[in-house]
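Coordinate inspection notes
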Number of protein chains: 2
Amino acid sequence: MKRQMHLGLFLLGTGSHIAGWRMPGAVDSFQDIEAVCEIARTAERAKFDLIFMGDNLNADPAAHPSYTARLEPLTLLSAVAMATERVGLGATVSTTYSDPFTVARAFASLDHISHGRAAWNAVTTAAPAAAANFGTQHPDHARRYEIAGEFLDTVKGLWDCWADDAIVADRESGLYIDPARVKPLDHEGAFFKVKGPVNIGRAPQGHPIISQAGGSEPGQQLAARTADLVFAVVQDIDEARAGYQALKARLPALGRRPEDVCVLPGVMPVVGRTDREARDKLNALMRHVNASNALGMLSERFGVDMSAYDLDGPIPELPKADTYHSFTGVMLAKARRESMTLRDLYNLVAAARGHWVLCGSAESVADTLQDWFETGAADGFNVMPPYFHEGFTDFTDLVVPLLQERGLFRADYEGTTLRDHLGLQRPANPNFPA
Amino acid sequence: MKRQMHLGLFLLGTGSHIAGWRMPGAVDSFQDIEAVCEIARTAERAKFDLIFMGDNLNADPAAHPSYTARLEPLTLLSAVAMATERVGLGATVSTTYSDPFTVARAFASLDHISHGRAAWNAVTTAAPAAAANFGTQHPDHARRYEIAGEFLDTVKGLWDCWADDAIVADRESGLYIDPARVKPLDHEGAFFKVKGPVNIGRAPQGHPIISQAGGSEPGQQLAARTADLVFAVVQDIDEARAGYQALKARLPALGRRPEDVCVLPGVMPVVGRTDREARDKLNALMRHVNASNALGMLSERFGVDMSAYDLDGPIPELPKADTYHSFTGVMLAKARRESMTLRDLYNLVAAARGHWVLCGSAESVADTLQDWFETGAADGFNVMPPYFHEGFTDFTDLVVPLLQERGLFRADYEGTTLRDHLGLQRPANPNFPA
């Protein structure tokens, strides 16, 4: 069988376009569990590998109106687990503002509840405003990645405290747990001290899937060492190929094979029956953009108040941001390549928060995705619909069938766990060799 | 209408009897989401006010085999929300090992997902072993309650950051959030510094229900000031009446009415068609008790290794425990009243972890509950079945109909939220007066 594409659905607020909720009939609340379950079932009908929930740890009504008020990812996905049967469920949780014991048990719990469909999107939290909600200082970029590395190792260690067969539950003898098959972790590192064992048995997937999206040097290195799935921020195929190959090139030195990590660039598809129809849809979306929201988001991404600059002038020299390294780098590179004004840049951010916008007929969208997939730019895509439901069903109804006809994407699930969908092996448990 | 009894179902492990899982056909895994959903639906068919999940933050296979490996409460109850429609959903989360921002958003999320059925059982975490999983020292009892008080106030403050009508989502104007209807919290106290606002709109119940179970002086005072629901550890009616009246007596000075707080003593019912049948069931359960588990649990509760003492001798003098104040106090009082041996005491703990065991025919169980309810000992009961499903359906099928016939318990839900079931008003929002 041909190598298969993987598809994730990214859920953040009412859609990835800042003003998508204003489209006629669009979902306009991200606190509506029934709407989210319908989105998840649409993804499952289209045989997506997973849906995954972004997150932020501060409310920012000015920059992010439609996703400031929203359900918390773990509780949300646990509910979605009950409304679906096969699609993977990825929740974003920060390594800067949580702790390994809590995260290990919560994702193991989601994995048990969903029968092996959990993924943890481990982020370091870019927005410094989060710190004020936790009574602490936001660590700088390098420090955040040091913390994240130890955090991830600790969580994985907790997931290996229990042998798969530790729970005996023998009614005759009364033995419930075999004590020889449960071990403490006894982790003591620079940032965390965690005794363990965790208070939940080993997860159906062994380890829930780990995804990451960091684009900086330490982010890439962490992903290469610890992630199963990488979401990439890209704007064109050359950039995507370079990033894809650079990430895969890191793997052998870490004892991993290229196929051990799936790289999924983010893409906001705007799909019509013709290129013209798609372009009209994008124009309709862009007409709804509110300048102050767009400038607010741009200011937040770059950590600089942009309202002082001339909208129709060139993009000012900006200090190197400590936040959103990959977003800001990718966007500025494109903006300078294309001699954008500040207005052009904010339109770019408003469209998909800095991600790649792919606008065209279903045929042309499928052609482009195939080209990326077959020429070393992607193992699949993280699909970021501009709004729901139509902005997503345009993709599932028009583009997915073309990918299936071309033998690039599954016609049905073959396994039951997210690991099965991604073609990744269940990790052995080093504490309890077979 | 007569004053109505309230019923909660307590879920911890495979049942409240330490060896309940060994009964023929009993649920023997607490990681089985389908079994938990069936239990929740049974509670809902019996029109229970709520189910509520206990929790611990350390794995203790020796003392608590059947609930050491278990699902995390918030993810579990979010899944159960999708399998039920009316029953309330209470999750235990510690104020010592979490943070207010995380807790506020998670319970608001569960409240949105369940359409107003969330309750937070706020505990301070008695077991010092938890600290080792969080790289910290276990604060002493008094300090834990000081932290808890500020934690609860902060969470309630976060729940009031959003006016009920803050989310406008006006497609025409593009206004998503009315900025005048969202306020930061700006909390700065001895233990927490939380800016806010929280990143989720106001909960359907305004505030999710708060429950507590602390029996010590600071625990009682905290409950009187902040709780809607109090779970009490009792062994006899005189003790229960005294505790009930003492708690209600604290309320006026705090500006609260007696009916603002529901007091539910915990009870493990063992129900038969006759008293003899019930006694046989309890004996069958007790025959399954494993001495080392029972001594392990006793040692953990009292913070003293009990294995050194003579099982058939008198109960030794024990140092005052810093953990489980109400458990240890209530159990020791009963043990001394009844001149128990250490073996009697461990059997008492093994039966229901120190809670009241009520064993008898359905008629006699209903009579006793009615007596407690009508003579100032309880507003209802926190039902702790010894095992599932039979140990619970004995109660729902045999006892609940008697309570309904007597007009003491609802024949059906009248409202949709947990607040409705408990007869508690939705709190006004002090930040946004009507």
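Residues numbered from 1 in each chain as written. Chains lettered and ligands numbered in written order. Predicted model: local features only at pLDDT ≥ 70, side-chain atom pairs only at ≥ 80, totals over all residues. Heavy atoms only, no water.

**Side note on unusual backbone geometry**
Residue and element names in this part refer to chain A. The linkage connecting phenylalanine 388 with the following residue, histidine 389, adopts the cis geometry, with an omega of -5°. Take histidine 389: it is sitting in the loop between β11 (380-383) and α13 (390-405). Look at histidine 115: it is not a glycine, yet its phi comes out positive at around 55°. The residue histidine 115 is located in the loop between α4 (100-113) and β4 (118-123) in this model. (Helix = DSSP H or I, 4+ residues; strand = E, 2+ residues; numbered from the N terminus.)

**Quick notes on the pattern of salt bridges**
Side chains carrying opposite charge are able to pair once their charged atoms draw close together. Residues and elements named next belong to chain A. Enumeration according to the criterion identifies 56 salt bridges over all chains in this entry. Here aspartate 394 makes a salt bridge to lysine 281, at a shortest N to O gap of 2.6 Å. With aspartate 394 in helix α13 and lysine 281 in helix α8 (residues 275-287), this residue pair connects regions lying 113 residues apart in the sequence. Of the two residues, aspartate 394 and lysine 281, both sit in the buried class. (Salt bridge = Lys/Arg side-chain N within 4 Å of Asp/Glu carboxyl O. Buried < 20%, exposed > 50% of the residue type's maximum accessible area, 1.4 Å probe, protein only.)

**What about the UniProt feature "binding site: FMN" (unreviewed entry) in chain A?**
Residue and element names in this part refer to chain A. Using the residue numbers shown here, the UniProt feature "binding site: FMN" (unreviewed entry) corresponds to Asp55, Thr92, His141, Tyr145 and Ser216. Here threonine 92 lies in strand β3 (residues 88-94). Overall, the relative accessible area of 4% leaves threonine 92 in the buried class. Among the polar contacts listed, one links the side chain of threonine 92 to the backbone oxygen of methionine 53, at a separation of 2.6 Å. As for its position among the elements, tyrosine 145 is in helix α5 (residues 141-159). A relative accessible area of 13% means that tyrosine 145 is categorised as buried. When sequence neighbours within four positions are dropped, the list of residues in contact with tyrosine 145 reads Thr124, Gly214, Ser216, Pro218, Gly219 and Leu222. (UniProt positions renumbered as here; feature names shortened; annotations may be inferred. Polar contact = N/O pair within 3.5 Å; in protein donor to acceptor, adjacent residues only side chain to side chain. Contact = heavy atoms within 4.5 Å.)

**Concerning the side chain of Arg70(A)**
Structurally, Arg70(A) is set in the loop between α2 (65-68) and α3 (73-83). Within polar-contact distance, the side chain of Arg70(A) engages the backbone oxygen of Asn56(A) at 3.2 Å. Engagement of the side chain of Arg70(A) in a polar contact is seen with the backbone oxygen of Tyr67(A), the distance being 2.9 Å. Filtering out sequence-adjacent residues up to four positions away, Arg70(A) remains in contact with Leu12(A), Phe30(A), Gln31(A), Asp55(A), Asn56(A), Arg105(B), Asn199(B) and Ile200(B).

**A look at the interface of chain B and chain A**
Facing the 68 residues of chain B at the interface are 67 residues of chain A. Both sides of the chain B and chain A interface together cover about 5300 Å² of buried area, and 58% of this is carbon and sulfur. The interface formed by chain B and chain A includes four salt bridges. In this structure, the salt-bridge partner of Arg171(B) is Asp28(A), at a minimum N-O distance of 3.6 Å. In this structure, the connection of chain B to chain A is made through 34 residue pairs in polar contact (both at pLDDT 80 or more). When residues of the side of chain B that touches chain A are traced back to their parent elements, those giving at least two are α1 (33-45), α2 (65-68), α3 (73-83), α4 (100-113) and β6 (193-194) of chain B. Looking at the side of chain B that touches chain A residue by residue, the class counts come to 33 nonpolar, 22 polar and 13 charged. (Buried area = accessible area lost by both parts, 1.4 Å probe. Nonpolar A, V, L, I, M, F, W, Y, C, P; charged D, E, K, R; others polar.)

**Regarding the side chain of Thr124(A)**
All names here are of chain A. With respect to the helices and strands, threonine 124 occurs in the loop between β4 and α5. You can call threonine 124 buried: its relative accessible area is 8%. Ignoring sequence-local partners within four residues, the contact set of threonine 124 consists of Ser94, Thr95, Thr96, Arg144, Tyr145 and Ala148.

**A short note on the nonpolar core**
If you look at the biggest cluster of nonpolar residues, it comprises 214 residues, and the most contacted ones within it are Phe48(A), Trp120(A), Phe48(B) and Trp120(B). If you look at the next biggest cluster of nonpolar residues, it comprises 25 residues, including Ile18(A), Val304(A), Leu311(A) and Leu342(A). (Core = buried A, V, L, I, M, F, W, Y, C linked by side-chain atoms within 4.5 Å.)

**Topic: α13(A)**
For an α-helix the count is 3.6 residues per turn, leaving residues at separations of three or four pointing the same way. Residue and element names in this part refer to chain A. Here α13 contains 16 residues, and its C-alpha end-to-end distance of 22 Å stays within 8% of the 22 Å for a straight helix at 1.5 Å per residue. If you look at α13, its biggest bend is around 35°, right at valine 399, and the proline proline 401 turns up within four residues after that. Turning to α13, its buried residues are Gly391, Phe392, Asp394, Phe395, Thr396, Val399, Val400, Leu402 and Leu403. Of the surrounding elements, those touching the buried residues of α13 are β1 (6-11), α1 (33-45), β9 (262-272), α8, α12 (362-374) and β11. Count one or two residues on from α13 and you reach glycine 407, which has phi positive near 75°. (Expected span 1.5 Å × (residues − 1). Bend = angle between axes of the 7 residues up to and from the residue.)

**Quick word on the relation of the copies chain B and chain A**
Aligned on chain A, chain B shows an RMSD of 0.0 Å; the corresponding rotation is 180° and the shift along the axis is 0.0 Å. What the rotation and shift describe, once combined, is the action of a two-fold rotation axis. No C-alpha of chain B approaches the rotation axis more nearly than that of Ala79(B), which lies at 2.3 Å. By residue overlap, the copies meet face to face through one surface: 99% of the interface positions of chain B are interface positions in chain A. (Least-squares fit on C-alpha atoms with pLDDT ≥ 70 in both.)

**Describing helix α7 (residues 237-250) of chain B**
Residue and element names in this part refer to chain B. The first and last C-alpha atoms of α7 sit 20 Å apart over 14 residues, in line with the 20 Å expected at 1.5 Å per residue. Where α7 is concerned, the buried positions are Ile237, Ala240, Tyr244, Leu247, Lys248 and Arg250. For α7, the angular spread of the buried residues around the axis is 160°, confining them to a single face. In α7, the exposed positions angled more than 90 degrees off the buried face are occupied by Asp238 and Ala249. On its buried side, α7 packs onto α6 (217-226), β8 (229-232), β9 (262-272) and α12 (362-374). (Arc of directions from axis to C-beta.)

**With respect to the packing of aromatic side chains**
All names here are of chain A. Overall, the coordinates contain 28 aromatic pairs over all chains when judged by the stated rule. Measuring from centroid to centroid gives 4.8 Å for phenylalanine 10 and phenylalanine 52, while their planes differ by 50°, and the two rings are tilted. Within this pair, whereas phenylalanine 10 is found in strand β1, its partner phenylalanine 52 is found in strand β2 (residues 50-53), the two being separated by 42 residues in sequence. When sorted by exposure, phenylalanine 10 lands in the same class as phenylalanine 52, which is buried. Pairing tryptophan 356 with tryptophan 372 gives two aromatic rings, centres 3.8 Å apart and planes at 10°, and the pair type is stacked. With tryptophan 356 in strand β10 (residues 356-361) and tryptophan 372 in helix α12, this pair connects stretches of sequence that are 16 residues apart. Taken together, Phe48, Phe388, Phe392 and Phe395 form an aromatic cluster joined through their ring pairs. Stacked on the ring of phenylalanine 373, the Lys or Arg arginine 3 has its end atom at 3.9 Å from the ring centre. (Phe/Tyr/Trp six-rings, centres within 6.5 Å; stacked < 30°, edge-to-face > 60°. Lys NZ or Arg CZ within 6 Å of the ring centre and 35° of its normal.)

**A word on the packing of helix α9 (residues 291-302) of chain B against helix α11 (residues 342-352) of chain B**
Packed helices, taken two at a time, are described by their axes: the angle between them and the distance between them. Residues and elements named next belong to chain B. Two elements in contact, α9 and α11, have axes whose closest approach is 9 Å; the angle formed by their N-to-C orientations is 85°. Considering the angle they form, α9 stands roughly perpendicular to α11. Note on element contacts: α11 touches α9 through Leu342, Leu345, Tyr346, Val349 and Ala350, opposite Ala291, Ala294, Leu295, Met297, Leu298 and Phe302. Across the contact of α9 with α11, the residue classes break down as eleven nonpolar, no polar and no charged. (Axes fitted to C-alpha atoms, helices over the stretch in contact; angles between N-to-C directions. Parallel < 35°, antiparallel > 145°, perpendicular 65-115°, else oblique.)

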